[in-house]
Structure formats: structure tokens, C-alpha cells
Amino acid sequence: MNDADTPVLRARGLRKEYGTGEGLVRAVDGVDLDVGAGETVAVMGPSGCGKSTLLHLLGGLDRPSAGEAWLNGRRVDDLGERALARMRRTEVGFVFQAFHLMEELTAVENVELSALLAGRSPRAARRRAEELLERVGLADRARFLPSALSGGQRQRVAVARALSNEPSVVLADEPTGNLDSAATLDVLQLFESLHESGQTLVVVTHDARIAATADRMISMRDGAFVDETRLTGGTTGRLGALAGLED
Amino acid sequence: MRQEVLLAMLAKEPSHGYQLRARLRDALGPLGDAMNDGQVYVALARLEKAGLLAAERPPWQKDGADRSDRKVYALTAEGQQRVAEWIAEVSWPRPDLAEFHLKLVAAASAGLADPLTVVDAQRRELLRRLRDAQRAAMAEPAGSDAALLLEGIVLRLQADLRWLEACEGSWLHRRSGL
């Protein structure tokens, strides 16, 4: 149902307001966005600029005050609760800063949970979960509880979980926000490999390293997009100047 | 790049010009592509003239021919002394922070441009370079000399991007304060 020209994500005039009168805050203030299949888009901006709220609106975790949103050509901002929950389960994968794993469940149980909720058989869900853990390099940690894993490993479990229902898009909110630099590198490499496999990805972040894995970077301030740029198109030759090899 | 670098790369043993270039390429990885062989030989000739290097031609080569590639370069005593001084010297990085800072101040005070727009433009360029440096670093085998150099570039760019974030925050605050 999704042809090449239909963006995976589309937003028009998306707005989210909190409070009333003097206390009215426009967290997201008229955002237009198209994300094509296989594209990685990074949204950067100071804290409080509305980038997390935007991600929640795009993923159906929250409803806009105004504007329209589409996923694979289907209008989603006006879906009923049940349809919206179904869309979140089957078409969107979420990755959060604080991982949000269930501490009582092992890695593989965390990953298979969303497949089970989506109605897959236990056997199929387990097989899929094991494949995904292998893909994120954690096959040998499948039976570990999150508390026995490092931060970087936990985030990789969370990414495996996000992929469990083959979502059209993965939405990541500060995925490296709680990680040290070695763990950040693991997640960077994982995102690069998702990107190479054609996964559509939107990541909101402070972290320039994760933003630099994107095809396109959007800057956000005060709820609105203020700048946008394509990061692809090599400049490697100019790296020499940064290393002091050229003047 | 300072000419002392070439001297230092010859400190291990006398080498042919092509051996010297190969050693530089190993250490620099993809960044070595930006190096111009002609410039290396011009620099070697200059160092020879200054008495810091001695170049020996193979005996079978005729006097008139200048085959820099085939010459064997060795440090003179003076050259060794210069290398030792250079190794001990502390060099300071020269990022042009003041220039960019004054650009923002001037843009705002004279109304030449919105400082935030200037910040955005700078960020675009830094992120493109970060992307390239990061990809080049990931493509290197772990633990290679070139990977370490690229990691340094990544860290410098990250520092610059964090400062831009501070600039953005500050100018955003001043604007909303008006």
C-alpha cells in the first residue's frame, strides 16, 4: 500500500499546545515534515524546543492540538484510541533515552513481548526475538536480565525490541543520552547498520555524533523548524585541514 | 604541516622517498590522500639545502637526473637535534574561536544578520564534516594509527558543536529578553 512516492511519515501544520491564556505554551508550533522510505532524519535543538513532543505526535503517543499527520499515506491524527494503539504496536518502533525495558524480564523476553502483543505465536515471537538479538550483537546475552547488562547493551536490546514488528519507522528519543562514549559508539554503529538495511529512522537528539549519522538534519527552536540541511555528499578531502595537514 | 614532521619520520632510519611517503600514508589513512607528493619533495629539497638532511643518490644514477623517489634521505646531526627539539615542544591548537565569536557580536549589534542564522550555517558545515570523519573512522580497522587521528578530529568537532550549542542558547536567550 506504500508506493515509492508516498512518504513514510508526513506532517502538516502540526501543533501541540499546553495550558491556556497567559500560560499557553506552544511546544510544537506548525511543523511540516516528510520522511521518505529508508531515510534517516535527525532533529536537533536545545532542551525544551519541542523535539520530544514532536516525536510523540509522530508516533501516536500523543495527539496534536491542530494539524495533520500521516503514516504510510494513512491519516493518523484523528484515529480512535484502539486504532492508534494498534498503529503504535505494529507500525512504529520506539527507542527511548532511559531504555524503558521491563526489569523483571530477560533480554529475549523484552524483545518478544511486543510481537506477542501483536498476536504472533510464542514460538514465532521467540525465534524473531533471537534473530534480532543476534543482529544487535547480543545473542549471548539473551537470558540476562537488564540489570546484568551495561547501558549500551540495554539500549541495543531496546533497539531490537523496536524492530520486533518490522515497523515502517523507528522513532528514537535521545538514544545515546544516558551512554558513555564507548557505548555511544556501539549505538552509532547499530544505527548505521539499520540505515544501510533501509530502515526509516527519525532521531531527536542533542548528540552531534548520532545526528551526524543522518541523511538530513533539522534544527528546531521554540517549537518550529528553523534550519534544515542534507549531510550526505562527501567532504572528506577537507578533513585534512582539520588535522592540520592543509592551511 | 611543519617540515619537522618529515624530519621526524626519517629519524628511525635513512629511507627512500617512496618509503617515507608510505610511512606517512600508513599513519594518516584516508587523510594521506590530501597530501601532495610534489610538496613533500619540495620540502625535502629545502631541508637538504638547510643542512638538516643528507640525500644520497644511488651510484648508478647519472649526475644530471633528479629522481627524488630513488634518493636515500638521512638526518644530519643538525637534523637530529632539530627533531629532538620539536618532539619536546608543546604546540597549542589554533581554533579561530574569537573570529566566530566576534562575527556573532558584530552581526547582532549592527543588525547585519541574525546570529542564530550564522550559528545554523556553521553547524551545518561542522555536522557534514563530523559525518565524514565518523564514517572514515568506522571504516578503519580498530587500533590503526589513522583511526586514532580520525577520533581526534571527531572529538574536536564535537567540542566545536557543543560550543555552538552554547552560542545558540545564549543568543536565543538574549533575543527573547528584548
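Residues numbered from 1 in each chain as written. Chains lettered and ligands numbered in written order. Predicted model: local features only at pLDDT ≥ 70, side-chain atom pairs only at ≥ 80, totals over all residues.

Trainee: How would you explain the domain arrangement of chain B if you had to name every residue and give the values?
Mentor: All names here are of chain B. On domain assignment, one finds that chain B holds domain 1 (3–88) and domain 2 (97–177). With centres defined by C-alpha atoms, the gap from domain 1 to domain 2 works out at 36 Å. Each partner contributes to the interface: domain 1 provides 6 residues, whereas domain 2 provides 7 residues. A breakdown of the residues in the side of domain 1 that touches domain 2 according to their chemical character gives 4 nonpolar, 1 polar and 1 charged. (Domains from an automatic or database assignment. Contact = placed C-beta atoms within 7 Å. Nonpolar A, V, L, I, M, F, W, Y, C, P; charged D, E, K, R; others polar.)

Trainee: Before we move on, can you summarise the interface of chain A and chain B with the specific residues and values?
Mentor: Taken together, the contact pairs 26 residues of chain A with 25 residues of chain B. Mapped by element, the contributors of at least two residues to the side of chain A that touches chain B are α6 (181–196), α7 (208–211), β9 (216–221), β10 (224–230) and α8 (239–242) of chain A. (Helix = DSSP H or I, 4+ residues; strand = E, 2+ residues; numbered from the N terminus.)

Trainee: Please provide a residue-by-residue account of the nonpolar core, values included.
Mentor: Counting residues in each nonpolar core, the largest one holds 80 residues, and the members touching the most others are A:Leu58, A:Leu133, A:Leu171, A:Val202, A:Ala211 and B:Ala133. By residue number, the principal contributor to this core is helix α7 (residues 145–177) of chain B, which donates 7 residues. In contact with B:Ala133, not counting residues within four places along its chain, are A:Leu239, B:Leu150, B:Ile153, B:Val154 and B:Leu157. One finds B:Leu7, B:Leu10, B:Leu44 and B:Leu47 within the second-largest nonpolar core, a separate group that totals 10 residues. (Core = buried A, V, L, I, M, F, W, Y, C linked by C-beta atoms within 7 Å. Buried ≥ 20, exposed ≤ 12 C-beta atoms within 10 Å, placed from the backbone.)

Trainee: Can you tell me about the packing of helix α3 (residues 107–117) of chain A against helix α5 (residues 151–162) of chain A, naming the residues and giving the values?
Mentor: Residues and elements named next belong to chain A. Close contact between α3 and α5 brings their axes to 8 Å; oriented N to C, the two are set at 25°. Comparing the axis directions of α3 and α5 gives the class roughly parallel. Where α3 crosses over α5, the two elements pack in a sense that is right-handed. Along the contact surface, α3 presents Ala107, Asn110, Val111 and Ser114, while α5 presents Val157, Ala160 and Arg161. Of the residues that constitute the contact of α3 with α5, the class distribution is 4 nonpolar, 2 polar and 1 charged. (Axes fitted to C-alpha atoms, helices over the stretch in contact; angles between N-to-C directions. Parallel < 35°, antiparallel > 145°, perpendicular 65-115°, else oblique. Left-handed = near helix turned anticlockwise from the far one by under 90°.)

Trainee: Describe the packing of α5(A) against α6(A), and please don't skip the residues or the numbers.
Mentor: All names here are of chain A. Contact geometry for α5 and α6: axes closest at 8 Å, N-to-C directions at 20°. For the element pair α5 / α6, the angle class is roughly parallel. Considering how the two elements wind past one another, α5 and α6 form a crossing that is right-handed. Touching Gly151, Gly152, Gln155, Arg156 and Val159 of α5 are Ala183, Asp186, Val187 and Leu190, all from α6.

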